[in-house]
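Residue-level structural notes
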Amino acid sequence: MWDAAFPSFLIGLREGLEAGLVVSILVATLVRADARSRLPQVWTGVLAAITLAMSFGAVLTFTAASLSATAQEAFGGTLSVIAVAFVTAMVFWMRRSARSLSGEIKEKVTGALAMGSGVLILTSFLAVGREGLETALFLWTTAQAAGESSGPLTGAAIGLLLSAALCWGLYRRVLRINLTKFFTATGAVLIVIAAGVLGYGLRDLQEGGVLPGKAAYAVDLSGSIDAGSWYSTLVQGVFNLTPVMTWLQVFCYAGYLTVVMTLFVRGLRATTPKPASGRAAPAPDAPTPARRRPAWVVPVAVVTVPALLAGLAVAFGRPKPGAAETVAVSEKDCGEGFTAPSPGRQTFQMHNTGDKTAEVYLIDPATNAVYGEIEGLAPGTTRALVATVADGAYAWRCVPSGGTAVTSKAVRVTGGGAAKAVVPVSEHDLSGPLAQYRTYVDEGLAALVPQTRTLADDIRHNHLGKARTDWLTAHRTYAALGAAYGTFEDFDQKIDGRAAGLPDGVHDKDFTGFHRIEYGLWHGEPATSLTAPAQQLAADAAGLRKAFPHQDFDPTDLPLRAHEVLENTLQFELTGDTDEGSGTNLATADANLAGTRELLTVLRPLLTSRAPHLLPTVDADVARLQKLLDSAHHGSHWTPVGQLDATARARVNGATGQLLEDLSPVPDLLEIRKSA
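In this text the structure is predicted, and so the values were computed from the model without any measurement.

1. Observations concerning the overall build of the chain
Across its full length, the chain carries 20 helices and 13 strands. Within the chain, buried positions represent 46% of all 676 residues. Looking at the chain alone, contacts between residues at least 24 apart form 75% of all its contacts between residues at least 6 apart. If you sum the accessible surface of the chain, you get close to 32,200 Å²; carbon and sulfur atoms cover 60% of it.

2. Digging into helix α16 (residues 557–573)
Taking 1.5 Å per residue, 17 residues should reach 24 Å; α16 reaches 22 Å between its end C-alpha atoms and fits that length. The sharpest bend along α16 measures roughly 35° and falls at H563. Counting buried residues in α16 gives twelve out of 17 residues, a clear majority hidden from the surface. For α16, the set of buried residues is L558, P559, R561, A562, H563, E564, V565, L566, N568, T569, F572 and E573.

3. Overview of the sheet that holds strand β4 (residues 334–336)
Read across the sheet, four strands follow the order β4-β3-β5-β8 without closing on themselves; strand pairing throughout is mixed. The sheet is open, and its two borders are formed by β4 and β8 (382–389), each paired with just one other strand. Neighbour-to-neighbour, the strand axes of the sheet open up by a mean angle of 35°, direction not taken into account. Here strand β3 (residues 325–329) pairs with strand β5 (residues 344–352) via five bridges, running parallel. Within β5, the residue paired with T326 across the bridge is Q349.

4. So, unusual backbone geometry
For N368, which is not glycine, the phi dihedral falls at a positive 65°. Residue N368 is classed as partly exposed on the basis of its relative accessible area of 29%. Even without being a glycine, N462 presents a positive backbone phi close to 65°. If you trace the backbone, N462 turns up in the loop between α11 (427–460) and α12 (464–479).

5. Looking at the packing of aromatic side chains
This structure, assessed with the given rule, holds ten aromatic pairs. Measuring from ring centre to ring centre gives 6.3 Å for W471 and F514, while their planes differ by 75°; the resulting arrangement is edge-to-face. Of this pair, W471 sits in helix α12 while F514 sits in helix α14 (residues 514–521); the two residues are 43 residues apart in sequence, bridging distant segments of the chain. For F514, a relative accessible area of 0% translates into the label buried. Chaining the aromatic ring pairs together yields one cluster made of W471, Y478, F488, F514, W522 and F548. A cation over an aromatic ring shows up here: R438 above the ring of F548, its NZ or CZ 4.8 Å from the ring centre. The ring centre of F491 lies 5.3 Å from the NZ or CZ of K494, which sits over that ring.

6. With respect to a negative patch on the surface
Together, E427, E489, D490, D552 and D554 make up a region of like negative charge exposed at the surface. In this structure E427 comes out as exposed when scored by relative accessible area, which is 53%.

7. Here's the deal with the pattern of salt bridges
As a working rule, side chains carrying opposite charge can pair if their charged atoms are close by. Applying the stated criterion across every chain yields a total of eleven salt bridges. Close ionic contact of K466 with D458 constitutes a salt bridge, the shortest N to O distance being 3.3 Å. By relative accessible area, which is 44% here, K466 ends up partly exposed. Across the salt bridge formed by E564 and R561, the nearest N and O atoms sit 2.6 Å from each other.

8. Some remarks on the packing of α12 against helix α17 (residues 585–610)
Viewed as axis vectors pointing N to C, α12 and α17 meet at an angle of 35°, and their least axial separation amounts to 8 Å. Crossing handedness for the pair α12 and α17: right-handed. The segment α12 lies against α17, with L472, H475, R476 and A479 engaging A587, T588, D590, A591 and N592.

9. Things to note about the side chain of E580
Mapped onto the fold, E580 is located in the loop between α16 and α17. It turns out E580 is buried and unbridged, and the closest side chain with the opposite charge, R498, is 7.6 Å from it. In this structure, E580 is in contact with A499, V506, F511, H515, E518, Y519, W522 and H523, ignoring residues within four places of it in sequence.

10. Comments concerning the pairing of β3
Looking along a regular strand, one sees side chains alternate from face to face of the sheet. For β3, a buried count of four out of five residues is recorded, marking the element as mostly surrounded by other parts of the structure. Bridge analysis of β3 against β4 gives two bridges, and the strand direction is antiparallel. In the strand pairing of β4, A328 is matched with E336. Between β3 and β4, which pair antiparallel in sequence order, lie four residues.

11. Some thoughts on the confidence of the model for the chain
Where the model shows low pLDDT, its predicted coordinates should not be examined in detail. Confidence in the prediction for the chain averages 78 pLDDT; 71% of positions are at 70 or higher. Contacts from residues 274–291, a stretch scored under 50 in pLDDT, to residues over four places away or in other chains number five contacts. In the model, residues 317–323 has pLDDT below 50 throughout and makes eight contacts with residues more than four positions away in sequence or in other chains.

12. A short note on the pairing of strand β7 (residues 370–377)
By the bridge criterion, five bridges tie strand β6 (residues 358–363) to β7 in an arrangement that is antiparallel. Residue pairing across strands places Y361 opposite E373, the latter belonging to β7.

13. Some words on the environment of L166
Position of L166 among the secondary structure elements: in helix α6 (residues 150–171). On a C-alpha basis, the gap between L166 and L17 in space is 7.4 Å, while along the polypeptide they are 149 residues apart.

14. Comments concerning helix α15 (residues 527–547)
In an α-helix there are 3.6 residues to a turn, and that puts residues three or four apart on one side. Taking 1.5 Å as the rise per residue, α15 with 21 residues should run 30 Å; its terminal C-alpha atoms sit 30 Å apart, in good agreement. Among the residues of α15, those classed as buried are A527, L530, T531, P533, A534, L537, A538, D540, A541 and L544. Contacts from the buried residues of α15 go to α11, α12, α13 (490–496) and α14.

15. Description of the environment of P667
With respect to the helices and strands, P667 occurs in helix α20 (residues 665–669). Setting aside residues no more than four positions away along its own chain, P667 makes contact with P559 and L560.

Definitions and cut-offs
- Residues numbered from 1 in each chain as written.
- Predicted model: local features only at pLDDT ≥ 70, side-chain atom pairs only at ≥ 80, totals over all residues.
- Heavy atoms only, no water.
- Helix = DSSP H or I, 4+ residues; strand = E, 2+ residues; numbered from the N terminus.
- Buried < 20%, exposed > 50% of the residue type's maximum accessible area, 1.4 Å probe, protein only.
- Contact = heavy atoms within 4.5 Å.
- Areas by Shrake-Rupley, 256 points an atom, 1.4 Å probe, with all protein chains shown as cover.
- Expected span 1.5 Å × (residues − 1).
- Bend = angle between axes of the 7 residues up to and from the residue.
- Pairing = 2+ DSSP bridges.
- Axes fitted to C-alpha atoms, helices over the stretch in contact; angles between N-to-C directions.
- Phe/Tyr/Trp six-rings, centres within 6.5 Å; stacked < 30°, edge-to-face > 60°.
- Lys NZ or Arg CZ within 6 Å of the ring centre and 35° of its normal.
- Patch = residues over 30% accessible without salt bridge, like charges linked within 9 Å, V, L, I, M, F, W, Y side chains within 5 Å.
- Salt bridge = Lys/Arg side-chain N within 4 Å of Asp/Glu carboxyl O.
- Lys, Arg positive; Asp, Glu negative; His and termini not counted.
- Charge placed at Lys NZ, Arg CZ, Asp CG, Glu CD.
- Left-handed = near helix turned anticlockwise from the far one by under 90°.
- pLDDT = per-residue confidence, 0-100.

Structure representation (structure tokens):
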């Protein structure tokens, strides 16, 4: 968590110390002026500033939560850029003002003492409020960049507590700090951090469609750097530098760092200490007696007013949870109670008033594109459906089990930009890709049968060295066919089953197929004990080829294979779980990747029309993983998974995990939605 906490710790320490110094000077000046009765006015101003900062943070958080995903990117990016501007201005202001801060505050307090309580409250409020607002904005921005709030909040809290302790020590004169050097050193670090925040903010603006160049990458080190490693996480958390950055990010990061750091260093050289003034501050006039009011009125007011304003901003700036529509669903009527919703993220309470379980879709009636869905809504039950509503036409489609689809009357929504919808896929849409994939598998099985026969002949004639080479060739052919989650029915267990779960493990009579032969070939078994398993493997491969054209292959399984084959790879091959002695798990992973690539090839037309930005990302992931696997292939030898060094293994796992994550939308994008 420290990687996400450090930037907030530093800003909390700096801003807290800056505000704390102001408060310390205010309090010390009043105490020395024998005006302790005015201290509550200082604390009232401080309390008001803290409340304002917290209210500002709440408005930012809840305002962002009510926006669509794209709008959140644009909103966060804009505030990141503003935060960088504020932090930069703060760094330069504090560099100039550190030497004379005490004298300036004393002069303001002296003037405030003569002008009444309101001015003293305002003085402390303004002195602390600016730092509070800057802290809230920067803390929100760093939390957005980190993707979580616990680390930044913890870092800021530690920084603020430490700054409070330092200010107390300075006030009590038990601690001495060279403030000029402190603010100079932390200012230089903050400039580097702000450069990263700027890069992150610009990336958000690109993701939100505000700035161009989203896919124009200047740096892509994801193939050689493990994004999940501790050092990568630390650099990303502290400096917001990621393995993949666009040209705009790199140019602005380097430009900001070069210009701002140069000006900061030049300013340090040009700054000279100002001569201390020998004039003593004039003694304040005795305060003029004023009409007394209850002591609690002002503190309560300064806390209540900002909190109330923040609550109103949140209440009117986002959809009210209580405003969720209840929409009735049945086999005869669909969408009863549905009225045109407001643009933005909406929650609909779907209540099944019929006697049959139903699938429910929020659709565009012109294109049948799906904005939200609920599967298996049972009779008498109510479930929430959350969808982002924008400009366009909307209707409900209800498909009761065993019944006919019913579509509601359409409503029109104006305003709110655009919302993402999934264009539905039919069995007919998947029939072409399925036929192509079946042809690919059939051709692979045609190659597998003679390869397994060759392997059996090698073993029968006691050519075990050649058998090891031919075993790997045949096994890679089979692995490339994408045999995940029972694709080939019972044949998969016979041909590529594992010993795990069998009563006698690798010595069990039911342990057959490639892994049984692998165990024997690499554990010194004689050819006589491997002949029967090898002949059985060849027979099972021939049986599979004969049975495959008649096996059922649900079209809905095809999109799942794009994800499941690599899930198997991550679970079995990359853990070494299926290694029975050959050390060729990475060769199998390479074959699995080839099978995944073939699946993406046949699904490409459907994916391109539904998610045009997905495939370029996936293609880059595939190329990255392929490069890592190629680096473990040396002629006819593959590096065993267990012999990879920690960095190389982490990179392979990280690249596979990233590819899996980017492939995860494919099943939803190509899911067959019921229409009748």
